[in-house]
Amino acid sequence: MELLAAAFNAACAVDHDSSTSESDARDSAAGHLPGSESSSTPGNGATPEEFPALADSPTTLTEALQMIHPIPADSWRNLIEQIGLLYQEYRDKSTLQEIETRRQQDAEIQGGADGCPSSEEAPEEDEGEEEEEPASPPERKALPHICLLSNPHSRFNLWQDLPEIQSSGVLDILQPEEIRLQEAMFELITSEASYYKSLNLLVSHFMENERLKKILHPSEAHILFSNVLDVMAVSERFLLELERRMEENIVISDVCDIVYRYAADHFSVYITYVSNQTYQERTYKQLLQEKAAFRELIAQLELDPKCRGLPLSSFLILPFQRITRLKLLVQNILKRVEERSEREGTALDAHKELELVVKACNEGVRKMSRTEQMISIQKKMEFKIKSVPIISHSRWLLKQGELQQMSGPKTSRTLRTKKLFREIYLFLFNDLLVICRQIPGDKYQVFDSAPRGLLRAEELEDQGQTLANVFILRLLENSDDREATYMLKASSQSEMKRWMTSLAPNRRTKFVSFTSRLLDCPQVQCVHPYVAQQPDELTLELADILNILDKTEDGWIFGERLHDQERGWFPSNMTEEILNPKIRSQNLKECFRVHKMDDPQRSQNKDRRKLGSRNRQ
């Protein structure tokens, strides 16, 4: 056992040397791992003189891992079979645990935490490391806990709770950073198993139901279930490879190499499925409304205990939820690997490929809905000026709505004028502003337009109640090739700021954005999911972390989500502010690391390899 301990500590000393400054706040609080004795277990400072066997021991973690016995295949299969949660349940529990962990961290540090001397010694950036992890149970404070699929009806728990792990002694050897990394990789594997279980239920319980096949026309069934069989087949092969990796060794070497290969070569099936989402949702609603037999059968199938009270719609959206979550799980791994290590390079590659897949999925959904929306808008417009073609593959709607235009010359305005304001209607596209007046028949008469890049917006100084929420919109070049100025009044402060942000996206916000790379910024985390109601709003998922760029007094926030840099407005009551600056700073540092385009050292190494190849030629 001492030989094994010496080998592991030598490996960990090498692999973790470059990441000591990025370790978690819990590293200091942990002390030593449960079951380990500082007087008998070699530490990072062990020398060959103290432990002669160390001279011949492996010097890398990979070589050290070869000394650990693999998990028997039967044991791993039993573990997978014991997973009791459907993916929807796993996802909810995991995100709620993340939220609660951040609350506890924020409260502990804000309260002073005088009783924990080790927390004072921890690096500043360590406070926010547990972004993807729930709180540790009191009896195991020294070990990082990630909520996976544990529940009262299943023996499934964490990597460190596996009998093979407990009996192997590796918990007495591995550094806390490596244990956190093992848990992050283990979560990716076991959550894929839960996801596959839910997909299998969608297919076997709903799609292949004989009564449902008779009710649905083949075209309806195709739209409703799309290529879910292809998605499930890819998930099955992906899971089998992850299982084999787990079976190789109880200490997982890596999973991101497998994720990278599947994201690059096989996950295109997700793009096909997700791009069909608009038609899928519409077909599902129509079937529920128009086919009583479909509605009754689905209600009956949903009552089956296998579904855990979850509706069919929650199963249909699984692929989109999974590919998004998979990217976050890889981010979680990336935060825990050693900087400038091979595993960091693999995680960065996997994350980049997953970002491409998620982006293609989002673009697929948007393309379907945008095309229909543009056709609908075009039909409603009547041009008083020279007609402008609205429909374009590169154009989409950013915001639309009614505003009040101040009427009459500026010099003759009077607050006593009955018609001080007139209603106008704006359609703002990503490259074009169209100004209209609404006319009978749900039509809009266009009387001015301008390229979006030639718009300027500025807030009017406070001039009393009547002119509250008024801003000035300048068209540097309108449809008549002239400069035009409009004084517009919004219904509220938030509506005014939202219009100004959309009309002039490059204007300064109250707070800085992620791209400024400052190490502190007001932040919130999502505690209630929110579905965007307008194009300029941002859909929020539980546990999302966002930088605050601007906010209004009537309860709206303009924010930038850290994990994908998407921006938009959302109600402030859907979120909670992260008060501790250390946690905010750590969140940003982790985000910078995840989203760095390429490590300079990796780029230099790639360039040297290319140069060497040319020289040999």
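Numbers given to residues run from 1 along each chain, matching the order in which its sequence is written. A pLDDT threshold of at least 70 governs which residues receive local features in this predicted model, and a stricter bar of 80 or more applies before side-chain atom pairs are shown or counted, although totals over entire chains, interfaces and linings include all residues. To obtain the side-chain values, all non-hydrogen atoms of the structure were used and water was disregarded.

(A) Quick peek at helix H20 (residues 581-595). A run of H or I in DSSP counts as a helix once it spans at least four residues, and a run of E counts as a strand once it spans at least two, with each numbered from the N terminus. A helix is expected to span 1.5 Å for every residue after the first. Along its 15 residues, H20 runs 21 Å from first to last C-alpha, staying within 8% of the 21 Å computed at 1.5 Å per residue. Only protein chains enter the accessibility calculation, which uses a 1.4 Å probe. A residue is then buried if its area is under 20% of the maximum for its type, exposed if over 50%, and partly exposed in between. In terms of residue burial, H20 counts as a mostly covered element, since 12 of its 15 residues are buried. We define a polar contact as two N or O atoms separated by no more than 3.5 Å, with the added condition that, inside protein, one atom must be a possible hydrogen donor and the other a possible acceptor, whereas residues neighbouring each other in sequence contribute only through side-chain atom pairs. A side-chain oxygen of the first residue of H20 lies 2.9 Å from the backbone nitrogen of lysine 582; this N-cap is asparagine 580.

(B) Local environment of helix H19 (residues 493-503). Summarising burial for H19: 10 of the 11 residues are buried, a large majority. If you check which residues of H19 are buried, you get Ser494, Glu495, Met496, Lys497, Arg498, Trp499, Met500, Thr501, Ser502 and Leu503.

(C) Representation of the pattern of salt bridges in the model. The rule for a salt bridge is simple: a side-chain nitrogen of Lys or Arg has to be within 4 Å of a carboxyl oxygen of Asp or Glu. Taken as a whole, this structure holds 28 salt bridges when the rule is applied. Across the pair glutamate 576 and arginine 103 runs a salt bridge whose closest N-O atoms are separated by 2.8 Å. On the criterion of sequence distance, the pair formed by glutamate 576 in strand S13 (residues 575-578) and arginine 103 in helix H5 (residues 87-110) is long-range, its members being 473 residues apart. Judged by relative accessible area, which is 28%, glutamate 576 ranks as partly exposed. Here aspartate 544 makes a salt bridge to arginine 561, at a shortest N to O gap of 3.3 Å. Taken together, the residues span a long stretch of sequence, with aspartate 544 in the loop between strand S9 (523-526) and strand S10 (545-551) and arginine 561 in strand S11 (residues 556-561) at a distance of 17 residues. Accessibility assignment for this pair places aspartate 544 and arginine 561 in one class, buried. A single network of salt bridges, built from pairs that share partners, joins Lys399, Glu495, Arg498, Asp536 and Glu537.

(D) Molecular detail of the packing of helix H10 (residues 218-225) against helix H14 (residues 277-290). Packing of H10 against H14 leaves a shortest axis separation of 8 Å and a crossing angle of 125 degrees. Classified by the angle their axes make, H10 and H14 are oblique. In the crossing of H10 with H14, the sense of the turn from one axis to the other is left-handed. Within the contact between the two elements, H10 uses Glu220, Ile223 and Leu224 and H14 uses Tyr279, Gln280, Thr283, Tyr284 and Leu287. The angle between two axes is taken between their N-to-C directions and runs from 0 to 180 degrees, where each axis is a line fitted to C-alpha atoms and a helix contributes only its stretch in contact. Working definition: roughly parallel below 35 degrees, roughly antiparallel above 145 degrees, roughly perpendicular at 65 to 115 degrees, and oblique for all remaining angles. In this scheme, a crossing is called left-handed if the near helix is turned counterclockwise away from the far one by less than a right angle; it is called right-handed if the turn is clockwise. Two residues form a contact once any of their heavy atoms are found within 4.5 Å.

(E) Representation of the packing of aromatic side chains within the structure. Think of it this way: a Phe, Tyr or Trp ring, Trp meaning its six-membered ring, pairs with another when their centres are within 6.5 Å, and the plane angle makes it stacked under 30 degrees, edge-to-face over 60, tilted otherwise. Evaluated as defined, the whole model comprises 10 aromatic pairs. Relative to phenylalanine 427, the ring of tyrosine 425 lies with its centre 5.1 Å away and its plane at 50 degrees, an arrangement referred to as tilted. Judged by relative accessible area, tyrosine 425 falls into the buried class, the value being 12%. When the centroid spacing of 5.1 Å and the interplanar angle of 90 degrees are considered together, the rings of phenylalanine 427 and tyrosine 444 count as edge-to-face. Taken as a pair, phenylalanine 427 in strand S3 (residues 421-429) and tyrosine 444 in strand S5 (residues 443-451) lie far apart in primary sequence, 17 residues in all. Judged on exposure class, the residue phenylalanine 427 and its partner tyrosine 444 are both buried. Put simply, the rings of Phe238, Tyr262, Phe267 and Tyr270 pair up and form one aromatic cluster.

(F) Representation of the sheet that holds strand S6 (residues 455-459) within the structure. Two strands pair under a simple rule: DSSP has to find at least two bridges between them. A sheet is described by the order of its strands in space; here 8 strands give the open sequence S1-S5-S4-S3-S2-S8-S7-S6, paired in mixed fashion. At either end of the open sheet lies a strand with only one pairing partner, and these are strand S1 (381-383) and S6. Adjacent strand axes in the sheet meet at a mean angle of 40 degrees, parallel and antiparallel pairs treated alike. Pairing of strand S2 (residues 397-406) with strand S8 (residues 484-489) involves 2 bridges; the strand directions are antiparallel.

(G) Region of the structure containing the nonpolar core. Formed by 80 residues in total, the largest nonpolar core has its most connected members in Trp159, Leu188, Phe206, Phe225, Phe238, Phe267 and Ile333. Counting residues per element, this core draws most heavily on helix H8 (residues 176-207), which supplies 15 residues. For leucine 188, the residues in contact, after removing those within four places along its chain, are Phe238, Leu242, Val255, Val259, Arg322, Leu326, Leu329, Val330 and Ile333. As used here, the term nonpolar core means buried Ala, Val, Leu, Ile, Met, Phe, Trp, Tyr and Cys residues forming a set that is joined through side-chain atoms within 4.5 Å. The next biggest cluster of nonpolar side chains, apart from the first, holds 23 residues, and it includes Leu455, Leu475, Tyr486 and Leu488.

(H) Broad picture of the packing of helix H13 (residues 268-275) against helix H18 (residues 342-380). Two numbers describe how H13 lies on H18: the axes approach to 8 Å, and their chain directions differ by 25 degrees. Here H13 lies roughly parallel to H18, going by the angle between them. By crossing handedness, the relation of H13 to H18 is classed as right-handed. Contacts between H13 and H18 involve Tyr270, Ile271, Val274 and Ser275 on the former and, on the latter, Val357, Ala360, Cys361, Gly364, Val365 and Met368.

(I) Local environment of the pairing of strand S12 (residues 567-571). In terms of residue burial, S12 counts as a mostly covered element, since 4 of its 5 residues are buried. Examined bridge by bridge, S11 and S12 share 5 bridges and lie antiparallel to one another. From the neighbouring strand, tryptophan 556 faces S12, where its bridge partner is proline 571. Connecting S11 to the next strand, S12, in antiparallel fashion are 5 residues, including glutamine 565 with a positive phi near 60 degrees.

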